[in-house]
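Commentary on secondary and tertiary structure
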Amino acid sequence: NLSLGSYALPWLIWSAATLSLTLLMGLAGQLHFGFAAVMAIGAYTSIHLARFGVPFGLALLGAGVRAAVTGAIFAAAALPVKGLYLVMATLAMQYLVDWVINNVPAISGGAQATLRTPPASFLLISLESLEVRYYLALAWAALLAVFFMNIKRTSFARALVAIRDKDFAAAVIGIDPFRYKLLAFFTSSFIGGITGALLAFCYYRAVTPEQFGFNVS
């Protein structure tokens, strides 16, 4: 149980977090230095939804949607710029989310507060068991691995690769770089939000603002 909870479980969740960036940084070639903020949004959203009695599965979806919408809003403002300027824009997202979490007690309870995850179950199976949490994280990481192995064959992925290699050339052949980049940010943030929720419920079991700082990104 010690190796399962201390090594295997976090390894699976952080692997899923890395896979969340595959679409955005690997295929689309867009740098994101504020991804910890995306995961923080997912973690805090899922905890508050679960506290309001929302089933855990729906809380995960809500966490993904909230993270995706927020990520897409920042992306819409940042995508007209490239390179270092895009990095600075995603950094701004990281520090803005950090500030909100630390200074809005309704979200985090305060800068020094610890927000515990409420009891939850997935498919009527309680998450109190370490083995259950492990297999849930394993299933999510495996699902993402299969998803990204298959998405590379789609026209969406080919469009992202074309944009990554030469965005103005992609535009010439009819690919809208802004639209596809925005979709990449939205999808990556949705997956990252769910991963952040699983990080909170399956591994940390309680969250603090320090767990989602820039060093995590």
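Please read these numbers as outputs of a predicted model, since none were measured by experiment. (Residues numbered from 1 in each chain as written. Predicted model: local features only at pLDDT ≥ 70, side-chain atom pairs only at ≥ 80, totals over all residues. Heavy atoms only, no water.)

1. Section: the overall build of the protein
Looking only at helices and strands, the protein has 10 helices and four strands in total. Against the globule reference of 17 Å for 217 residues, the protein gives a C-alpha radius of gyration of 17 Å, in line with a compact fold. Across its three principal axes, the protein shows a C-alpha extent of roughly 55 × 40 × 30 Å. A total of 217 residues make up the protein; the buried ones form 49% of that total. (Helix = DSSP H or I, 4+ residues; strand = E, 2+ residues; numbered from the N terminus. Rg over C-alpha atoms; globule rule 2.2 N^0.38 Å. Buried < 20%, exposed > 50% of the residue type's maximum accessible area, 1.4 Å probe, protein only.)

2. Concerning the packing of helix H8 (residues 155-165) against helix H10 (residues 177-204)
Between H8 and H10, the shortest axis-to-axis distance is 10 Å and the interhelical angle comes to 115°. The angle between the axes of H8 and H10 places the two elements in the roughly perpendicular class. At the point where H8 passes H10, the crossing takes the left-handed sense. Residues Phe156, Ala159, Leu160 and Ile163 of H8 form the contact with H10, whose own contacting residues are Pro177, Tyr180, Lys181, Leu183 and Ala184. Here the contact of H8 with H10 is composed, by residue class, of eight nonpolar, no polar and one charged. (Axes fitted to C-alpha atoms, helices over the stretch in contact; angles between N-to-C directions. Parallel < 35°, antiparallel > 145°, perpendicular 65-115°, else oblique. Left-handed = near helix turned anticlockwise from the far one by under 90°. Contact = heavy atoms within 4.5 Å. Nonpolar A, V, L, I, M, F, W, Y, C, P; charged D, E, K, R; others polar.)

3. Brief notes about the nonpolar core
Among the nonpolar cores identified, the biggest contains 64 residues, and Phe56, Leu160, Leu198 and Val207 are the most heavily contacted of them. Mapped onto this core, the elements with two or more residues apiece are helix H1 (2-20), helix H2 (22-27), helix H3 (35-51), helix H4 (56-78), helix H5 (84-103), helix H7 (130-151), H8 and H10. It is H10 that provides the largest number of residues to this core, a total of 11 residues. (Core = buried A, V, L, I, M, F, W, Y, C linked by side-chain atoms within 4.5 Å.)

4. What to know about the packing of aromatic side chains
Inspection of every chain in the model, using the stated rule, returns eight aromatic pairs. When the ring of Tyr203 is compared with that of Tyr204, the centres are 5.3 Å apart and the planes differ by 35°; the resulting orientation is tilted. These aromatic residues form a ring-pair network of at least three members: Phe56, Phe122 and Phe201. Directly above the ring of Tyr180 sits Arg179, whose terminal nitrogen or CZ lies 5.2 Å from the centroid. (Phe/Tyr/Trp six-rings, centres within 6.5 Å; stacked < 30°, edge-to-face > 60°. Lys NZ or Arg CZ within 6 Å of the ring centre and 35° of its normal.)

5. With respect to H7
The end-to-end C-alpha distance of H7 is 31 Å, a good match for the 32 Å that 22 residues give at a rise of 1.5 Å each. Within the sequence span of H7, burial applies to Leu130, Arg133, Tyr134, Leu136, Ala137, Trp140, Ala141, Leu144, Phe148 and Ile151. For H7, the angular spread of the buried residues around the axis is 165°, confining them to a single face. In H7, the exposed positions that point more than 90 degrees away from the buried face belong to Tyr135, Leu143 and Met149. (Expected span 1.5 Å × (residues − 1). Arc of directions from axis to C-beta.)

6. Regarding the environment of Gly110
Inspection of the secondary structure puts Gly110 in the loop between helix H6 (105-108) and strand S1 (115-116). Residues Gly110 and Phe33, 77 residues apart in the sequence, show an inter-C-alpha distance of 24 Å. Those residues in contact with Gly110, other than ones at most four positions away along the chain, are Asn102, Pro105 and Pro209.

7. Brief notes about the pattern of salt bridges
Counted under the stated rule, the structure contains two salt bridges. With a shortest N-O distance of 3.2 Å, Arg205 and Glu128 are connected by a salt bridge. Here Arg205 is found in the loop between H10 and strand S4 (206-207), whereas its partner Glu128 is found in the loop between strand S3 (125-126) and H7, with 77 residues between them in sequence. Judged by relative accessible area, Glu128 falls into the partly exposed class, the value being 48%. Among the ionic pairs, Asp165 bridges to Arg164, the shortest N-O distance being 3.3 Å. What makes Asp165 partly exposed here is its relative accessible area of 46%. (Salt bridge = Lys/Arg side-chain N within 4 Å of Asp/Glu carboxyl O.)

8. Quick notes on the packing of H3 against H10
Between H3 and H10, the least distance of the axes is 7 Å, while the angle of their chain directions is 60°. Our classification of the angle between H3 and H10 gives oblique. By crossing handedness, the relation of H3 to H10 is classed as right-handed. Across the interface between the two elements, Phe35, Val38, Met39, Gly42, Ala43, Ser46, Ile47 and Ala50 of H3 pack against Ser188, Ser189, Gly192, Gly193, Thr195, Gly196, Ala197, Leu199, Ala200 and Phe201 of H10.

9. Quick look at unusual backbone geometry
One non-glycine residue, Leu123, lies in the positive phi region at around 55°. Its place among the elements puts Leu123 in the loop between strand S2 (121-122) and S3. In this structure, Arg205 takes a positive phi of about 65° despite not being glycine.

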